[in-house]
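Topology and contacts: notes
These are the residues of each chain, in order.
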Protein chains: 2
Amino acid sequence: MATRNAFYAQSGGVTAVINASACGVIQTARKYPDQIGKVYAGRNGIIGALKEELIDTSLESDDDIQALIHTPGGAFGSCRHKLKNFSENKREYERLIEVFRAHDIGYFFYNGGGDSQDTAYKVSHLAEKMGYPITCMGIPKTVDNDLPFTDCCPGFGSVAKYIATSTLEASLDIRSMCETSTKVFILEVMGRHAGWIAASGGLAGKGEGEPPHVILFPEVPFERERFLERVDFCVKEYGYCVVVASEGAQYEDGRFLADAGAKDAFGHTQLGGVAPALANMVRQALGHKYHWAVADYLQRSARHIASATDVEQAYSVGRVAVEMAMAGKQALMPTIVREQSRPYRWHIGEAPLSEVANQEKKMPIHFITDDGYGITQDCRDYLEPLIYGESFPPFDDGLPRVAKLKNQLVEKKLKADFQL
Amino acid sequence: MATRNAFYAQSGGVTAVINASACGVIQTARKYPDQIGKVYAGRNGIIGALKEELIDTSLESDDDIQALIHTPGGAFGSCRHKLKNFSENKREYERLIEVFRAHDIGYFFYNGGGDSQDTAYKVSHLAEKMGYPITCMGIPKTVDNDLPFTDCCPGFGSVAKYIATSTLEASLDIRSMCETSTKVFILEVMGRHAGWIAASGGLAGKGEGEPPHVILFPEVPFERERFLERVDFCVKEYGYCVVVASEGAQYEDGRFLADAGAKDAFGHTQLGGVAPALANMVRQALGHKYHWAVADYLQRSARHIASATDVEQAYSVGRVAVEMAMAGKQALMPTIVREQSRPYRWHIGEAPLSEVANQEKKMPIHFITDDGYGITQDCRDYLEPLIYGESFPPFDDGLPRVAKLKNQLVEKKLKADFQL
């Protein structure tokens, strides 16, 4: 078997552990010097391939590659760029082949969500369509936890741990103060289409009256009056009310709460945020003192409170993607297969990219309590193992140590620049 | 020396480490059984004393008291209630004495910010004014870091570590994505009157172009055009711009940016938040893609990423407050005295409550760079040691373990209820 180079790219919104997958890919590839020459990483994802901006990871020391395990963000850059169908944008595929051919790339590893699995699948077809043999593997990643076939998605467990921990900690704060100060606290979390992340806030409490008292899911149409009644009930019954709200919370007609139609002093429409919108409802209707937080990128970059389970799974899908390629397989995505929840046991399986592409896994409706404001035991059983274990990064002078890569580009071999 | 009971209360906004001070007080008091009978904690702070709602901490096991070290929030409840001057509200002071006398309280430990030190000072005067001998100690606590005489305030170091870490982590996220996605990220942090917390975001980066690229301090009047120019410059020069904005950021005329005068769909004034206000400016003037986060209570309750230095100092001020009382001292607040910054060395000193009360320590102007958007080396030298060291809590099933106290109230001895 001839030695050929590999291309690896990160795609879409990054996570606290996508670099752990990169680490899995690169460290494993280094174990197969007879098959894999160099691993080139796309600078800013697939754009790096199109622009022939290839990072030579062979210039990075073993220690620096190891440090990827505890470095959030995307170490080589990521992008939001979806390859269209071959028929719609033949030019991009031709360019990819041109770059791959110029750098003798025989392996394509694409690390991302649903769109990226779709891209990986399309690239795997290049072999037939354009007479260029290339082994393609998708590597799952998404905080949205919405990929099919895999029990969970690398990246999600760490966000879940961050949100559950933050909800627990902030709730203790509110509870301390509610006698004379803040009575309602609203935490806005990610998840425009699915309530997985909001659900993870529910892990903070279990018993009657324990926070969070209200979870707002995108899956459950928002009813203003019922929400306000519930908040008021909690304040009267428990002294305070903690709300975890998905950014995707919406009215029955599909309007997002975040699009509250607010105008600034100049009459311009103001970008909202679910949390301030809910806070204003509470203020106007109930008059309770409130505070709100919007976790935004903090939640998906919080490597310092990553789930050890998630880190291990993220590494493993990277490792196995390479191993599958070495075994001569084609067009697969490693999946996480849950064997049992207690004690948690899992292994890596595989799914064909042809089936993964462009499917979305929704949160099962039996994961949400009948009143629409909480999570069921089934949901807990599913979520809990995903936040097990801590994987603290090393710290220097009080701050997490992160990988400092050289990220040196390979010399270009093609003359023409490519315009996206 | 006769055995008398002690009263301990938490006051004002809680922190990730105020319970470490409580732990220091209670563990130390347990070492002086001949002088201190029981430690009663005020339920919801000083209100607990006024209402005769006293928590009997002697019913808590040593293990549960030890667990306070890693439990955020205020374990006995806190409150925002400032005792007026003796002449203005004699009734409250008389009630305090009545409750203290009924429960033979000879020691008063009050754990809070500037207002609380003032209260502790006033109570220390009761001895003379009302013929009731009581030893009073203030115990410093505030994320605002604005108490005088002490080099820093317990609670601040952990917020600083959280904000510096979050800024670092989120910046790596933005940097990964800025080619095709978010270019401007705004993190709103606490600190209405002083920029200490905003300044701590500056620890995330050092070199030219390293994030955060802009810090907005309450101390520096906000200039819209200059801010937008700076943001645009960073996006063009570095590809992205990370902004850490104090909630207290304000225009030259004193208007807070958060009071942006936004109206919701019903024409009601909408509570802003500095981050969304800035985001809207960026959108309207520059059109860059942006994201924003508001850390709010997450930052002051984030015990999981507390500074070990801060935890130790918080414990120490509690311990020393009791030791000073045992040494027959009166009306003091333990302070943190910095001996040197590198390597960091500190010890506990003391300041008279008469001088501490109602003074505010401002951030020195030479801590802010000339352009008003960054921190100087002096500021770094001051801040860095405060975030040194990690003090991770124990975790159970993926979540931080927190103290579960019985918080059982002592039987009331007074007949009359007290109306606040």
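Residues numbered from 1 in each chain as written. Chains lettered and ligands numbered in written order. Predicted model: local features only at pLDDT ≥ 70, side-chain atom pairs only at ≥ 80, totals over all residues. Heavy atoms only, no water.

1. Section: the overall build of chain A
Short version of the rule: Helix and strand assignments follow DSSP, with helices taken as H or I runs no shorter than four residues and strands as E runs no shorter than two, numbered in order from the N terminus. A radius of gyration in this sense is built from C-alpha atoms; the matching globule rule multiplies 2.2 Å by the number of residues raised to 0.38. For each residue, the accessible area found with a 1.4 Å probe, counting protein chains only, is set against the maximum for its type, and the residue is called buried under 20%, exposed over 50%, and partly exposed in between. By the convention used here, residues are in contact when the closest approach between their heavy atoms is within 4.5 Å. Residue burial considers only the protein chains on display, and all accessible areas are found by Shrake-Rupley using a 1.4 Å probe. His is not counted here, nor are the chain ends, while Lys and Arg score as positive and Asp and Glu score as negative. In this description, the location of a charge corresponds to atom NZ of lysine, CZ of arginine, CG of aspartate or CD of glutamate.
A tally of regular secondary structure across chain A gives 13 helices and 13 strands. Over its C-alpha trace chain A gives a radius of gyration of 23 Å, about what one expects of a compact globule, namely 22 Å for 420 residues. With the C-alpha coordinates of chain A rotated into their principal frame, the extents come out at 70 × 50 × 45 Å. Of all 420 residues assigned to chain A, the portion counted as buried reaches 66%. Long-range contacts, defined as pairs at least 24 residues apart, comprise 77% of the intrachain contacts of chain A with a sequence gap of at least 6. When the accessible surface of chain A is summed, it comes to about 14,800 Å², and 47% of that surface belongs to carbon and sulfur atoms. Side-chain charges of chain A comprise 45 positive and 54 negative groups, with the mean position of each set lying 4 Å from the other.

2. Focus on the interface of chain B and chain A
Interfaces are frequently sized by the accessible area removed from exposure as the parts join. Our working rule: Summed over both partners, buried area is the accessible surface (1.4 Å probe) that two parts give up on being assembled. What makes a salt bridge here is a side-chain nitrogen of Lys or Arg within 4 Å of a carboxyl oxygen of Asp or Glu, nothing more. In the analysis that follows, any N or O atom pair within 3.5 Å is treated as a polar contact, provided that within protein one partner can donate a hydrogen and the other can accept it, and provided that, for residues neighboring in sequence, both atoms belong to side chains. In this classification, Asp, Glu, Lys and Arg are treated as charged, Ala, Val, Leu, Ile, Met, Phe, Trp, Tyr, Cys and Pro as nonpolar, and every other residue, Gly included, as polar.
Taken together, the contacts link 78 residues of chain B with 78 residues of chain A. Overall, the association of chain B and chain A removes approximately 6,400 Å² of surface from exposure, summing both partners, and the carbon and sulfur fraction of that is 58%. Sorting the residues of chain B by area buried against chain A places B:Glu169, B:Tyr297 and B:Leu298 first, and these three jointly supply 10% of that buried surface. Applying the counting criterion to the chain B and chain A interface returns 4 salt bridges. Two residues, B:Lys51 and A:Glu179, come together in a salt bridge whose shortest N-O distance is 3.1 Å. Applying the counting criterion to the chain B and chain A interface returns 28 residue pairs in polar contact (both at pLDDT 80 or more). Secondary structure elements with two or more residues in the side of chain B that touches chain A: α6 (156–177), β6 (184–189), α9 (274–285), β9 (290–294), α10 (297–301) and β13 (399–400) of chain B. Per-element tally for the side of chain B that touches chain A: the top contributor is α6(B), with 13 residues. Of the residues belonging to the side of chain B that touches chain A, the class tally is 37 nonpolar, 27 polar and 14 charged.

3. Topic: the relation of the copies chain B and chain A
Here is the rule: Here the copies are superposed with least squares, the fitted atoms being C-alpha atoms of residues at a pLDDT of at least 70 in both.
With an axial shift of 0.0 Å and an RMSD of 0.0 Å, the rotation relating chain B to chain A amounts to 180 degrees. Both chain copies can therefore be described as sitting about a two-fold axis. Interface overlap between copies: 100% of the residues of chain B at the interface are likewise at the interface in chain A, consistent with a symmetric, same-surface contact.

4. Quick look at the domain arrangement of chain A
All names here are of chain A. Just so we agree on the cut-off: Source of the domain bounds: an automatic or database domain assignment.
Here chain A is partitioned into domain 1 (4–141 + 304–358 + 391–400) and domain 2 (156–301). With centres defined by C-alpha atoms, the gap from domain 1 to domain 2 works out at 35 Å. Taken together, the 11 residues of domain 1 in the interface contact 8 residues of domain 2. Between domain 1 and domain 2, roughly 760 Å² of surface is buried when both sides are summed, and carbon and sulfur atoms account for 55% of that area. Inspection of the domain 1/domain 2 interface yields 0 salt bridges. Remark: the boundary between domain 1 and domain 2 carries 4 residue pairs in polar contact (both at pLDDT 80 or more).

5. Looking at the packing of aromatic side chains
What counts is decided by this rule: Ring geometry is summarised as follows: Phe, Tyr and Trp rings, the Trp one being its six-membered ring, pair when their centres sit within 6.5 Å, and such pairs are stacked at plane angles under 30 degrees, edge-to-face over 60 and tilted between the two. Geometrically, a charge over a ring is one whose NZ (Lys) or CZ (Arg) sits within 6 Å of the ring centre while staying within 35 degrees of the ring normal.
Taken as a whole, this structure holds 30 aromatic pairs over all chains when the rule is applied. Seen in terms of ring centroids, A:Trp292 and B:Trp292 are 6.3 Å apart; in terms of plane orientation they differ by 70 degrees. Their pairing is edge-to-face. Of this pair, A:Trp292 sits in strand β9 (residues 290–294) while B:Trp292 sits in strand β9, on two different chains. The same class applies to A:Trp292 as to B:Trp292, namely buried. Measuring from ring centre to ring centre gives 5.6 Å for B:Phe7 and B:Phe100, while their planes differ by 45 degrees; the resulting arrangement is tilted. Taken together, the positions of B:Phe7 in strand β1 (residues 4–10) and B:Phe100 in helix α4 (residues 90–102) put the pair 93 residues apart, joining distant regions of the chain. The class of B:Phe7 is buried, set by a relative accessible area of 0%. The buried category is assigned to B:Phe100, whose relative accessible area is 0%. When the ring centre of B:Tyr251 is taken as origin, the NZ or CZ atom of B:Arg255, which lies over that ring, is 4.5 Å away.

6. A word on the UniProt feature "site: Important for catalytic activity" (unreviewed entry) in chain A
Residues and elements named next belong to chain A. Operational definition: UniProt positions are given in the numbering used here, feature names are shortened, and annotations may be inferred rather than shown by experiment.
Residues given the UniProt feature "site: Important for catalytic activity" (unreviewed entry) here are Lys-141. Discounting chain neighbours no more than four positions away, the residues touching Lys-141 are Ser-11, Gly-12, Gly-13, Thr-15, Ile-18, Asn-111, Gly-112, Gly-113, Leu-147 and Pro-154. For Lys-141, the side chain forms a polar contact with the main-chain oxygen of Ser-11, separated by 3.0 Å.

7. A closer look at the environment of B:Lys413
Residue and element names in this part refer to chain B. Along the chain, Lys-413 turns up in the segment after β13. In this structure, the C-alpha to C-alpha distance between Lys-413 and Glu-52, residues 361 residues apart in sequence, is 8.3 Å. With residues up to four places along the chain from it excluded, the contact list for Lys-413 reads Glu-52, Ala-102 and His-103.

8. Concerning the pattern of salt bridges
The tally for this structure, following the rule as stated, stands at 46 salt bridges over all chains. When the shortest N-O distance is used, the salt bridge between A:Asp253 and A:Arg255 registers 3.2 Å. The exposure class assigned to A:Arg255 is partly exposed, which follows from its relative accessible area of 46%. One salt bridge in this structure joins B:Lys161 and B:Glu390, with 2.7 Å as the shortest N-O distance. In this pair, B:Lys161 sits in helix α6 while B:Glu390 sits in the loop between α13 (377–383) and β12 (395–396), placing the two residues 229 residues apart along the sequence. Among the residues examined, B:Lys161 registers a relative accessible area of 0% and is labelled buried. Taking relative accessible area as the criterion, B:Glu390 reaches 28% and is therefore assigned partly exposed. In this structure, a network of salt bridges that share partners links the residues A:Lys206, A:Arg342, A:Asp381 and A:Glu384.

9. Comments concerning the nonpolar core
For clarity, the cut-off: To qualify as a nonpolar core, a set must consist of buried Ala, Val, Leu, Ile, Met, Phe, Trp, Tyr and Cys residues joined through side-chain atoms within 4.5 Å.
Ranked by internal contacts, the top residues of the largest apolar core, which has 178 residues, are A:Tyr8, A:Leu68, A:Phe76, A:Phe109, B:Tyr8, B:Leu68 and B:Phe109. Those residues within four positions of B:Leu68 in sequence are excluded, and the remaining contacts are B:Asn19, B:Ala20, B:Ala22, B:Cys23, B:Ile26, B:Ala75, B:Phe76, B:Ala403 and B:Leu405.

10. Regarding the packing of helix α1 (residues 18–29) of chain B against helix α11 (residues 308–326) of chain B
Residues and elements named next belong to chain B. Inclusion rule: Geometry is summarised by axes, namely lines fitted to C-alpha atoms with helices restricted to the contacting stretch, and by angles between N-to-C directions that run from 0 to 180 degrees. For any pair of crossing helices, the crossing counts as left-handed if the nearer helix is rotated counterclockwise from the farther one by less than a right angle, and right-handed if it is rotated clockwise.
Between α1 and α11, the shortest axis-to-axis distance is 7 Å and the interhelical angle comes to 35 degrees. Every pair of crossing elements has a handedness; the one defined by α1 and α11 is right-handed. Facing α1, whose interface residues are Ala-20, Ser-21, Cys-23, Gly-24, Val-25, Gln-27, Thr-28 and Ala-29, α11 presents Val-311, Ala-314, Tyr-315, Val-317, Gly-318, Arg-319, Val-322 and Glu-323. For the contact of α1 with α11, the per-class residue count stands at 9 nonpolar, 5 polar and 2 charged.

11. So, the pairing of β9(B)
Residues and elements named next belong to chain B. Selection rule: When DSSP finds two or more bridges between a pair of strands, those strands are recorded as paired.
Most of β9 is tucked away: 4 of the 5 residues are buried. Both β6 and β9 contribute to a ladder of 5 bridges, which runs parallel. Paired with Ile-186 across the strands is Trp-292, a residue of β9.

12. Quick look at unusual backbone geometry
Both trends apply: most residues other than glycine have a negative phi, and most peptide bonds are in trans. Residue and element names in this part refer to chain A. A cis amide bond, omega -10 degrees, links Arg-342 with the succeeding residue Pro-343. Even without being glycine, Asn-44 reaches a positive phi, approximately 60 degrees. Relative to the helices and strands, Asn-44 is located in the loop between β2 (36–42) and α2 (46–50). Positive phi, normally seen in glycine, also occurs at Ala-331, with a value near 55 degrees.

13. With respect to the environment of A:Tyr382
All names here are of chain A. Here Tyr-382 shows up in helix α13 (residues 377–383). Remark: the alpha-carbon pair of Tyr-382 and Tyr-132, spanning 250 residues in sequence, is separated by 42 Å. Residue contacts for Tyr-382: discarding those within four places in its chain leaves Asn-145, Asp-151, Cys-152, Trp-196, Arg-338, Lys-361 and Phe-367. Among the polar contacts listed, one links the side chain of Tyr-382 to the side chain of Asn-145, at a separation of 3.0 Å.

14. Details of the pairing of strand β10 (residues 332–340) of chain B
Residue and element names in this part refer to chain B. Of the strand pairs in this sheet, β10 and strand β11 (residues 345–352) are connected by 8 bridges, and their pairing is antiparallel. Directly across from Ile-336, in β11, lies its bridge partner Ile-348. Where β10 hands over to β11, the hairpin turn is made up of 4 residues, counted between the paired strands.

15. Comments concerning the state of the cysteines
Rules: Cysteine sulfurs are considered disulfide-paired once they come within 2.5 Å of each other.
Scanning the model with the defined rule gives 0 disulfides over all chains in all. This cysteine, A:Cys23, is not joined by any disulfide, and A:Cys152 carries the nearest cysteine sulfur, 19 Å off. Free of any disulfide, B:Cys79 has its nearest neighbouring cysteine sulfur in A:Cys178, separated by 12 Å.

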